[in-house]
Amino acid sequence: MKIKTENILTGILVVCALIVTILFLQKEFSSKDTELNISIIDNWKELIPEDEETNGNYSKVYLIEFFDYECPYCSVLDATLDTIKSKYIDKIKIIRYHFPLNIHPLAYRTAIAAECAGSQEVFDIYHKELMANQYKLNSINFTEIARLIGIKDIEKFQKCVNEEETADAISQNVKLAKKFNVSGTPTLIINNKMISGAINTEEIEKIINEFL
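Residues numbered from 1 in each chain as written. Predicted model: local features only at pLDDT ≥ 70, side-chain atom pairs only at ≥ 80, totals over all residues. Heavy atoms only, no water.

Asks: Please clarify how the pairing of strand β5 (residues 193–196) should be interpreted in this entry.
Replies: Looking along a regular strand, one sees side chains alternate from face to face of the sheet. As paired strands, strand β1 (residues 37–40) and β5 are joined by four bridges and run antiparallel to one another. Its bridge partner being in β5, Asn37 is matched across the sheet by Ser196. Bridging between strand β4 (residues 187–190) and β5 involves four bridges; their strand directions are antiparallel. Looking across to β5, one finds that Ile189 is bridged to Met194. Between β4 and β5, which pair antiparallel one after the other, the connecting turn spans two residues, and Asn191 there sits at a positive phi close to 50 degrees. (Pairing = 2+ DSSP bridges. Helix = DSSP H or I, 4+ residues; strand = E, 2+ residues; numbered from the N terminus.)

Here it is in structure tokens:
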């Protein structure tokens with residue numbers, strides 16, 4: 001009983017710490033006193049997937065994010081982008097690239113699992129689950145999350161996690177990040193404008209509206 005009580009108390013403390021962290025980061029994101037770190041990149045269209053060109057389904061504004069699953073700021077930005085997407089709907093497109101940092105030991109294997117979910121067309125749902133459980137990635141069961149969100153071929157998912165091709169996909173994301181001089185997460189590219197670090201909803205919408 002004592003061990004069980006201690007586990008419950010530990011869980012409560014972890015959740016409280018997470019809430020405090022998120023509230024702090026949201027405050028940081030909403031600060032208007034912070035000057036944005038913006039750089040202009042001319043070759044940003046190289047970040048648009050080839051199928052966009054094939055389908056001819058271009059968007060006026062692309063929001064391209066380099067993220068890490070252990071990055072608290074990424075979790076906050078993720079929610080911000082979802083809110084913006086619901087407002088602008090078909091006027092913008094969000095593209096996400098993995099950039100697991102070396103300082104985050106769980107980020108790489110988490111990115112692998114997300115990539116495997118993406119191979120079965122459920123990346124967005126799986127991604128949200130991972131972000132929602134960011135504080136317990138060390139104990140998370142990726143297969144159970146796959147079952148939870150309804151991935152049909154669990155055996156294929158489990159095989160994918162160990163395939164070299166999946167690791168290569170993450171490596172390609174990292175190479176792309178380095179090509180564009182991405183050094184940390186989150187990094188957000190809105191068309192030709194690259195913003196490193198914290199950025200709030202108002203600032204993102206201001207840049208979006210410049211291109212509409």
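Here the narrative resumes, following the displayed structure.
Asks: Got a minute to help me understand the nonpolar core in this structure?
Replies: Counting 27 residues, the largest nonpolar core has Tyr69, Tyr126, Leu130, Phe142, Ile151 and Phe157 as its most contacted members. For this core, the secondary-structure elements that each account for two or more residues are α4 (107–118), α5 (123–132), α6 (142–148) and α7 (154–161). For this core, the leading source of residues is α4, giving six residues. Those residues in contact with Tyr69 that sit more than four places away from it in its chain are His98, Ala107, Thr110, Ala111, Ala114, Phe123, His127, Leu130, Met131, Gln134 and Leu137. (Core = buried A, V, L, I, M, F, W, Y, C linked by side-chain atoms within 4.5 Å. Buried < 20%, exposed > 50% of the residue type's maximum accessible area, 1.4 Å probe, protein only. Contact = heavy atoms within 4.5 Å.)

Asks: Honestly, the state of the cysteines in this entry has me stumped. Any pointers?
Replies: Here, disulfide denotes a covalent bond that connects the sulfur atoms of two cysteines. One pass over the structure, following the stated rule, counts one disulfide. The disulfide bridge from Cys116 ends at Cys160, spanning 2.2 Å between sulfur atoms. What sets the handedness of the Cys116 and Cys160 disulfide is the S-S torsion sign, and at about -90 degrees it is left-handed. Note that Cys116 is positioned in helix α4 and Cys160 in helix α7, a separation of 44 residues in sequence. Per residue, the accessibility class of Cys116 equals that of Cys160, and both read buried. (Disulfide = S-S within 2.5 Å.)

Asks: When you look at the layout of surface pockets in this model, what are you seeing that I'm missing?
Replies: A probe as big as a water molecule, rolled over the atoms, marks out the empty space that is left. Put simply, the largest pocket is a space of about 1200 Å³. Pro49, Arg96, Glu115, Gly118 and Phe123 are the residues nearest the centre of the largest pocket, which is lined by 36 residues in total. Secondary-structure elements contributing two or more residues to the lining of the largest pocket are α2 (50–55), α3 (72–88), β3 (92–98), α4, α5, α7 and α8 (164–179). At seven residues, α8 tops the list of elements feeding residues into the lining of the largest pocket. Looking at the lining of the largest pocket, its residues break down into 11 nonpolar, nine polar and 16 charged. (1 Å grid on protein atoms, 1.4 Å probe; cavity = no way out; pocket = protein on both sides within 12 Å on 5 of 7 lines; lining within 4 Å. Points joined across faces, edges and corners; volume = space filled by probe spheres on them. Nonpolar A, V, L, I, M, F, W, Y, C, P; charged D, E, K, R; others polar.)

Asks: Which parts of the structure should I look at to understand the packing of aromatic side chains?
Replies: Centre distance and the angle of the planes are the two values used to describe a pair of aromatic rings. Applying the stated criterion to the full structure yields four aromatic pairs. Plain terms: the ring middles of Phe66 and Tyr97 are 5.3 Å apart, the flat faces sit at 20 degrees to each other, and that makes the pair stacked. In this pair, Phe66 is assigned in strand β2 (residues 61–67) and Tyr97 in strand β3, connecting sequence segments 31 residues apart. Like Phe66, the residue Tyr97 is buried in the burial classification. Look at Tyr126 and Phe157: their rings are 5.8 Å apart centre to centre, the planes differ by 50 degrees, and that puts the pair in the tilted class. One end of the pair, Tyr126, is in helix α5; the other, Phe157, is in helix α7, and 31 residues separate them in sequence. Phe157 carries the same exposure label as Tyr126, and that label is buried. (Phe/Tyr/Trp six-rings, centres within 6.5 Å; stacked < 30°, edge-to-face > 60°.)

Asks: Can you help me understand the packing of α4 against α8 in this one?
Replies: Each pair of packed helices can be described by the angle between their axes along with the distance between the axes. Packing of α4 against α8 brings their axes to within 10 Å, and their N-to-C directions diverge by 110 degrees. One element, α4, and the other, α8, form an angle in the roughly perpendicular class. The way α4 lies across α8 gives a crossing that is right-handed. Of α8, the residues touching α4 (which contributes Tyr108, Ala111, Ile112, Glu115 and Cys116) are Thr166, Ala167, Ala169 and Ile170. Its residues assigned to classes, the contact of α4 with α8 shows seven nonpolar, one polar and one charged. (Axes fitted to C-alpha atoms, helices over the stretch in contact; angles between N-to-C directions. Parallel < 35°, antiparallel > 145°, perpendicular 65-115°, else oblique. Left-handed = near helix turned anticlockwise from the far one by under 90°.)

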